[in-house]
Amino acid sequence: MGRFARTGAMVGVLVLTASLALTGCGDDQKKPAFVAGAQQGDAVPTTSPDTTGDPSEPALPALAVSPADGSAKRPVSTEISARIPGGGKVSKVVLTAADGATVAGRLRRDGSSWVPSAPLKYATRYTATVTGTGTDGQTRQGTSSFTTMAKPKSMIGSGLYMFSGKTYGVAMPVVAEFSPGIPKKDRAAVQKRMFVQTDPPQPGAWHWLYNGTQAYYRAPEYWKPGTTITVRLALAGIPLSNGRYGNVDRSATAKIGRAFEMKVDNATKQMTVYENGAVVRTLPVSLGKKSTPSSSGTMVVMEKKESTVFDTRDEPDPANQYITKIDFAQRLTWGGEYIHAAPWSEGVQGRANVSHGCVNVSMANGRWLFGKTLVGDPITVRGTERRLEPGNGWTAWSMSWSQFVEGSALPVPEGGQGSPF
């Protein structure tokens with residue numbers, strides 16, 4: 001495999017090289033990884049019973065706010081919640097810092113808590129005033145003051161593979177990366193702080209890789225063309241069980257473009273290209289030879305390079321060592337599989353597999369395809385000797401929806417999760 005350096009198409013603050021025991025004709029099996037975690041104080045009554053009005057009427061029970069009044073060393077990821085005696089619904093939360101500045105935020109759709117729109121400041125005193133209505137129709141209010149913790153020394157970053165203002169293909173998953181991987185016992189708390197909203201609304205779910213180094217968010221089907229996706233990985237200050245904390249929030253608002261899909265059949269060695277559901281071109285291809293087969297499964301275009309060099313001199317097999325200039329390269333896996341122009345195999349494209357795992361096309365077809373695709377466009381390869389390995393690329397679509405939701409750290413309603421707010 002050659003070295004094809006990852007560029008600004010991927011966002012992250014920490015990069016870790018991880019080796020994949022996979023064969024491909026491009027990269028040297030590098031992939032980054034990134035990290036983060038949350039907790040809450042116990043709710044206790046923070047206001048005195050209501051003694052105003054008719055003294056003959058019984059006092060209303062106090063509303064209990066969390067974090068509790070007087071709490072200290074709270075994470076900057078702290079959310080505000082309240083318990084209304086006898087049940088009820090919180091209608092308003094006002095959070096102010098010691099300097100009087102008001103903190104913006106929103107109530108979760110399920111009413112479980114109020115989430116600040118940005119991380120709280122370290123070592124700062126805050127006062128939360130919560131208003132709610134009990135099941136008896138009476139309005140109650142509670143107040144709590146708490147202090148956040150000092151900035152921790154042990155902090156871990158996270159990565160988000162999405163840029164604001166960019167347009168992606170219909171299979172673009174929201175990809176969060178962590179290094180080291182998030183332990184299983186922390187994933188639910190982390191997932192609860194990873195917010196995705198779509199316009200028009202479409203349900204979705206998160207799926208964690210087995211080692212916790214990546215989490216994908218997708219819908220049951222490809223995104224609707226024209227969808228706006230707004231993401232916030234609100235991981236700053238989240239405490240993990242390993243004593244580390246997330247260092248920053250990451251966010252992006254991006255668009256989904258037209259529907260564009262590529263399907264490759266090894267039996268015919270043809271790629272059928274669809275745009276908005278209609279076939280626009282059929283291209284002959286050459287896939288990986290038997291010793292270095294292409295992966296079967298649904299992959300996603302992750303990165304595009306009009307011109308690059310594949311350097312595979314670090315491959316243990318001398319037969320797979322080479323340095324080759326490549327045109328119109330589109331990355332599909334971390335293990336080094338690409339769609340790319342291969343003029344040297346044009347004579348056998350459509351008839352035989354001779355590549356090191358890549359999808360070879362002609363120079364003319366490579367140029368055409370490169371000009372049509374977006375990062376996030378799907379390509380499905382069928383009928384090869386090897387299955388796509390989970391995590392070898394953005395493999396969110398390489399499994400059924402029922403399999404996908406099994407990887408969530410939180411329960412997923414039938415059909416998918418809606419907006420958190």
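Definitions and limits used
Residues numbered from 1 in each chain as written. Predicted model: local features only at pLDDT ≥ 70, side-chain atom pairs only at ≥ 80, totals over all residues. Heavy atoms only, no water. Pairing = 2+ DSSP bridges. Helix = DSSP H or I, 4+ residues; strand = E, 2+ residues; numbered from the N terminus. 1 Å grid on protein atoms, 1.4 Å probe; cavity = no way out; pocket = protein on both sides within 12 Å on 5 of 7 lines; lining within 4 Å. Points joined across faces, edges and corners; volume = space filled by probe spheres on them. Nonpolar A, V, L, I, M, F, W, Y, C, P; charged D, E, K, R; others polar. Axes fitted to C-alpha atoms, helices over the stretch in contact; angles between N-to-C directions. Buried < 20%, exposed > 50% of the residue type's maximum accessible area, 1.4 Å probe, protein only. Polar contact = N/O pair within 3.5 Å; in protein donor to acceptor, adjacent residues only side chain to side chain. Contact = heavy atoms within 4.5 Å. Core = buried A, V, L, I, M, F, W, Y, C linked by side-chain atoms within 4.5 Å. Salt bridge = Lys/Arg side-chain N within 4 Å of Asp/Glu carboxyl O. Arc of directions from axis to C-beta. Phe/Tyr/Trp six-rings, centres within 6.5 Å; stacked < 30°, edge-to-face > 60°. Lys NZ or Arg CZ within 6 Å of the ring centre and 35° of its normal.

## Re the sheet that holds strand 18 (residues 228–233)
- Taken together, four strands build an open sheet; the order of strands is 13-20-18-15 and the sheet is mixed. Of all strands in the sheet, those bounded by a partner on one side alone are strand 13 (167–168) and strand 15 (194–199).
- Two elements, strand 15 and strand 18, share six bridges in a ladder whose sense is antiparallel. The residue of strand 18 that forms the bridge with D199 is T228.

## Some words on the layout of surface pockets
- Here the largest pocket is characterised by a volume of approximately 440 Å³.
- Lining the largest pocket are 20 residues, and of these R108, K192, L410, Q417 and P420 lie nearest its centre.
- For the lining of the largest pocket, the secondary structure elements donating two or more residues are strand 15 and strand 16 (205–208).
- Counting residues per element, the lining of the largest pocket draws most heavily on strand 15, at three residues.
- Looking at the lining of the largest pocket residue by residue, the class counts come to ten nonpolar, six polar and four charged.

## Observations regarding the pairing of strand 21 (residues 260–265)
- Bridge analysis of strand 21 against strand 22 (residues 270–275) gives six bridges, and the strand direction is antiparallel. Each bridged residue has a counterpart across the sheet, and for M262 the counterpart in strand 22 is V273.
- Two successive antiparallel strands, strand 21 and strand 22, enclose a turn made up of four residues, where K269 displays a positive phi of approximately 55 degrees.
- Strand direction decides the pairing type here: strand 21 and strand 29 (residues 378–382), joined by four bridges, are parallel. Bridge pairing in strand 29 places D265 opposite R382.

## Considering the sheet that holds strand 17 (residues 214–218)
- Taken in spatial order, the four strands of this open sheet run 12-14-17-16, and their pairing is antiparallel. Each of the sheet's edge strands pairs with one partner strand only, and the pair in question is strand 12 (158–160) and strand 16. Strand-to-strand twist of the sheet, defined as the mean angle between neighbouring strand axes without regard to direction, takes the value 20 degrees.
- One ladder, built from four bridges, connects strand 16 with strand 17; its direction is antiparallel.

## Section: the side chain of S286
- The residue S286 is located in the loop between strand 23 (278–284) and strand 24 (295–300) in this model.
- With relative accessibility at 0%, the residue S286 sits in the buried group.
- Among the polar contacts made by the side chain of S286, one reaches the main-chain amide nitrogen of V354 at a distance of 3.0 Å.
- Contact partners of S286, with chain neighbours within four places excluded, come to S345, V348, Q349, A352, N353, V354, S355, C358, V359 and N360.

## Considerations on the nonpolar core
- The biggest cluster of nonpolar side chains holds 43 residues, and the ones touching the most others in it are M162, V174, F178, V190, M194, W206 and W394.
- Every element with two or more residues in this core is listed here: strand 14 (174–178), strand 15, strand 16, strand 17, strand 18, strand 20 (250–256) and helix 3 (401–405).
- With four residues, strand 14 is the single largest residue contributor to this core.
- M271, L287, V381 and L388 belong to the second-largest nonpolar core, a separate cluster that totals 18 residues.

## As for the pattern of salt bridges
- One pass over the full model with this rule turns up nine salt bridges.
- Between R232 and D249 there is a salt bridge, with the nearest N and O atoms lying 2.6 Å from each other. A residue pair is termed long-range when its members are at least 10 positions apart, and R232 in strand 18 and D249 in the loop between strand 19 (245–246) and strand 20 qualify at 17 residues.
- On the accessibility criterion, D249 (22% relative accessible area) is partly exposed.
- A salt bridge links R386 to E337, with the shortest nitrogen-to-oxygen separation between them at 3.1 Å. Of this pair, R386 sits in strand 30 (residues 386–387) while E337 is found in the loop between strand 26 (323–331) and strand 27 (338–341), placing the two residues 49 residues apart along the sequence. Comparing R386 with E337 shows no difference in burial state: the two are buried.

## What about empty space enclosed by the protein?
- Considering only enclosed or pocket space, the largest cavity measures out at about 40 Å³ in volume.
- Sorting the residues of the lining of the largest cavity by element identifies strand 4 (81–83) and strand 5 (88–97) as the ones contributing at least two each.
- Grouping the constituent residues of the lining of the largest cavity by class yields five nonpolar, four polar and no charged.

## Some details on helix 1 (residues 184–191)
- Residues D186, R187, V190 and Q191 constitute the buried set of helix 1. Each buried residue of helix 1 sits inside an arc of 135 degrees when the element is viewed along its axis, so together they form one side.
- Where helix 1 is buried, its residues meet strand 14, strand 15 and strand 16.

## Quick look at the packing of aromatic side chains
- Counted by the stated rule, this structure contains ten aromatic pairs.
- Arranged with centres 6.4 Å apart and planes meeting at 50 degrees, the rings of Y161 and W334 form a pair that is tilted. You can see Y161 sitting in the loop between strand 12 and strand 13 and its partner W334 sitting in the loop between strand 26 and strand 27, a full 173 residues away along the chain.
- On the basis of relative accessibility, which here comes to 1%, the residue Y161 falls in the buried class.
- One aromatic cluster is present, built from ring pairs that chain together Y161, W334 and W394.
- We note K263 situated over the ring of Y274; from NZ or CZ to the ring centre the distance is 5.2 Å.
- Here the basic side chain of K304 rests over the ring of F370, its NZ or CZ set 4.4 Å away from the ring centre.

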